[in-house]
Amino acid sequence: MTVWTAREMREATIRGEMSATEMCRESLERIERLDARLHAFTTLDADGALARAAELDRRPLAERVVPLAGVPVAVKDNLCTRGLRTTAGSRMLEHFHPPYDATVVARLTAAGAVVVGKTNCDEFAMGSSTEHSAFGPSRNPWALDRAPGGSSGGSAVAVAANLVPLALGSDTGGSIRQPAAFCGVLGLKPTYGRVSRYGLIAFASSLDQVGPFARTAHDAALVLNVIAGVDPYDATCSVRPVPDFTASLTGDLRGLCVGIPRDVVGEGVDADVMRAFETGIDVLHERGAQVVDVTLPHARYGIPVYYLVATAEASANLARFDGVRYGFRAADASTLAEMYERTRDLGFGAEVKRRIMLGTYALSAGYYDAYYLKAQQVRTLIRQDFDRAFDRVDVVALPTTPTAAFRLGEHLDDPLQMYLADVFTVGAPLAGLPALSMPCGFTQAKLPVGLQLIGRMFDEATPLRTADAFERDTDWWRAAPDSPR
Amino acid sequence: MADALSQADVERIAALARLALTEDEKILYARQLTRILEFARQIADLDTRDIPPTASVLEQESLERADCERPSLPRNDALANAPDAAAGLFRVPRVLGDGA
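Here we summarise the structure given alongside this text. None of the values given here were measured: they were computed from a predicted structure. (Residues numbered from 1 in each chain as written. Chains lettered and ligands numbered in written order. Predicted model: local features only at pLDDT ≥ 70, side-chain atom pairs only at ≥ 80, totals over all residues. Heavy atoms only, no water.)

Some words on unusual backbone geometry
To be explicit about the condition: Numbered from the N terminus, helices here are DSSP runs of H or I no shorter than four residues, and strands are runs of E no shorter than two.
The linkage connecting A:Gly150 with the following residue, A:Ser151, adopts the cis geometry, with an omega of 5°. Relative to the assigned elements, A:Ser151 resides in the loop between strand E3 (114-119) and helix H6 (153-160). Phi angles above zero are rare outside glycine, and B:Arg18 is one such case at about 55°. Secondary-structure assignment places B:Arg18 in the loop between helix H1 (7-16) and helix H2 (23-40).

What follows is the structure in structure tokens.
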């Protein structure tokens, strides 16, 4: 199987060695052949994708020299695509066709990327396994009985199985990095505010951030160059200038200081995961990075803080799904109140209802101070821990997840166990920090393991530079499941 | 912080959230939410006096745009996904009684 990177595809298109149409057809052919087993996609847009690729091929050469010329991409199904069904993994939006593109989608298309379809996700991005999609789970291409992680599981699978070289996901508590780790690809959550959230169906507005899945750090940097930057449609999108992230990929780690929070990774981590993580840290050290211990004393409170803050925001954001303006509406309600309640009961799945109620409770009179306000205060302590760590180090390294991919159904009856899968990923979004997960090895059962790198606010360049240098000395990024077993 | 959630608590929360739940769901969510809240209770012991809450991680950087007229989403596009629309409006069940 040929594993193309986006960079190679772009260069082949620009040199005229392979047309955008040929690359698009190859991607669609693989999807057609493999996706019945993987279920990475909820909606394909073969005709639209081929039309856009053909339009790109008709352009004069000078107009084809764009950052993602002819590269097939997949987009998580909670990002609006004009005229193309956008479900957020929910029955509530099963037939929703947005009247506009999310800013990130518009920017990808303007950069020459060809959107081939929408990828499966946990309903409204709530989950850590993609089993909470109303349209059925995606499957991990390394072992079909395993979860791909979530909530952006479909996007991770699409890249891991080489259906597309790039995909977009969204990360609220780890929904890009955790599935990237489970599927053996690179996933980047940018700094909060680096990328526009306009057209991203909101889950938790102070945490949500869109980012890429890719095979290499260079490909992720290419995408971030395209999607980052101020957007008049999103007032929380930063006005800071966007550097050229590919220019930071020098391969040189001399002078870099990597901090390991031993107090956080000390217990509860699977032995195979820990071994791969430590070996990965050795590679960074051999490349010239200094490695020191740091402490994050409040990191252990990350899960309760995250699940109180995120669900509170979700309960407010999902109030808009009432069956009036878009989406599903329950039939035969005789009053407006009955219509709201029945619509939401039938339209939402169990995990979404659970989170809406948890958030409603945390915000309700009598409990607001004890739960929501307290969680927001502890969130400040978590941020301050990172501030202190970054006084000493340039990047913080952690295993992305405590275990490799778990079996489908393993945690479905125990929501708290599922939430604990996010133990190492919730800290970065609570503090607004950029973080990526890169493949750093396999367990003895041949399941991928991810190494997470967290950077300072608006310094995506350092984790990307570190990952790129790591890729120069390792082959984990090349590993791809030949044929889903 | 609260003790175990009763089914009545779950009914009250569901009503606030505009969710109609079955009896089985009320039992299930009372048990699951109690367990999650018990886990969340560990933050209660932390001393957070004088710690400001984090509502947003951004030190804003206020983004402003010109105060000028712009075209809105065309009405037909806005109504295109509506479950029920008529005369250019969203249609919902009657809110006021006949005699109102």
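Details of the interface of chain A and chain B
Applied cut-off: What makes two residues a contact is simply this: any of their non-hydrogen atoms within 4.5 Å. We define buried area as the total accessible area lost by two parts upon association, computed with a 1.4 Å probe and summed across both. Every case where a carboxyl oxygen of Asp or Glu lies within 4 Å of a side-chain nitrogen of Lys or Arg is listed as a salt bridge. Amino acid classes used here: Ala, Val, Leu, Ile, Met, Phe, Trp, Tyr, Cys and Pro are nonpolar; Asp, Glu, Lys and Arg are charged; the rest, including Gly, are polar.
Contacts between chain A and chain B engage 76 residues on the former and 54 residues on the latter. Buried surface at the junction of chain A and chain B, summed over both partners, amounts to about 5,600 Å²; 66% is from carbon and sulfur atoms. The three residues of chain A that bury the most area against chain B are A:Met357, A:Tyr361 and A:Leu416, which together make up 12% of that side's buried surface. On the surface where chain A and chain B come into contact, there are 2 salt bridges. B:Glu25 is paired through a salt bridge with A:Lys353; the nearest N and O atoms lie 3.0 Å apart. At the level of secondary structure, the elements contributing two or more residues to the side of chain A that touches chain B comprise helix H11 (302-317), helix H12 (336-347), helix H13 (350-363), helix H14 (368-392), helix H15 (415-420) and helix H16 (427-431) of chain A. Counting residues per element, the side of chain A that touches chain B draws most heavily on H14(A), at 12 residues. The residue inventory of the side of chain A that touches chain B, partitioned by class, reads 42 nonpolar, 18 polar and 16 charged.

Focus on the sheet that holds E3(A)
Residues and elements named next belong to chain A. Convention followed: When DSSP finds two or more bridges between a pair of strands, those strands are recorded as paired. To get an axis, a line is fitted to the C-alpha atoms, and for a helix only the part in contact is used. The angle between two axes follows their N-to-C directions and goes from 0 to 180 degrees.
Spatially, the 11 strands line up as an open sheet ordered E1-E3-E2-E4-E6-E5-E10-E11-E9-E7-E8, and their pairing is mixed. Looking at which strands have only one partner, the edges of the open sheet turn out to be strand E1 (41-44) and strand E8 (290-294). Strand-to-strand twist of the sheet, defined as the mean angle between neighbouring strand axes without regard to direction, takes the value 30°. Where strand E4 (residues 166-171) and strand E6 (residues 209-214) come together, 6 bridges link them in antiparallel fashion. What sits directly across from Ser170, in E6, is Val210. Where helix H3 (residues 46-58) meets the sheet, its contacts fall on E1 and E3, and the angle it forms with E3 comes to roughly 160°. On top of the sheet, helix H10 (residues 271-286) reaches strand E7 (257-261), E8, strand E9 (395-399), strand E10 (435-442) and strand E11 (448-454); it is set at about 50° to E11, its chief contact.

Considering the layout of surface pockets
To locate leftover empty space, one rolls a probe as large as a water molecule over the atoms. Residue and element names in this part refer to chain A. In plain terms, the rule: Using a grid of 1 Å spacing that covers the protein atoms alone, one calls a set of points a cavity when a 1.4 Å probe fits there but cannot get out, and a pocket when the set is open and has protein on both sides within 12 Å along at least five of seven lines; lining residues are those with an atom within 4 Å of a point. Grid points are joined across faces, edges and corners, and a volume is the space filled by probe spheres set on the points.
A volume near 760 Å³ is recorded for the largest pocket. If you trace the largest pocket, you find 27 residues lining it, with Cys80, Pro99, Tyr100, Tyr198 and Gly199 closest to the centre. Broken down by class, the residue content of the lining of the largest pocket amounts to 16 nonpolar, 3 polar and 8 charged. Reported here for the second largest pocket is a volume of approximately 440 Å³. In terms of lining, the second largest pocket is formed by 16 residues, of which the most central are Val264, Glu267, Arg300, Val423 and Phe424. Within the residue set of the lining of the second largest pocket, elements represented by two or more residues are helix H9 (262-265) and H11. Considering only residue class, the lining of the second largest pocket consists of 10 nonpolar, 3 polar and 3 charged.

Comments concerning the packing of H13(A) against H1(B)
Applicable threshold: The scheme is simple: roughly parallel for angles under 35 degrees, roughly antiparallel for over 145, roughly perpendicular for 65 to 115, oblique for anything else.
In the contact formed by H13(A) and H1(B), the axes pass within 9 Å of each other and the chain directions differ by 95°. Between H13(A) and H1(B), the angle is such that the two are roughly perpendicular. When H13(A) is examined against H1(B), the residues A:Met357, A:Thr360 and A:Tyr361 are found in contact with a partner set consisting of B:Val10, B:Arg12, B:Ile13, B:Ala14 and B:Leu16. Looking at side-chain class alone, the contact of H13(A) with H1(B) contains 6 nonpolar, 1 polar and 1 charged residues.

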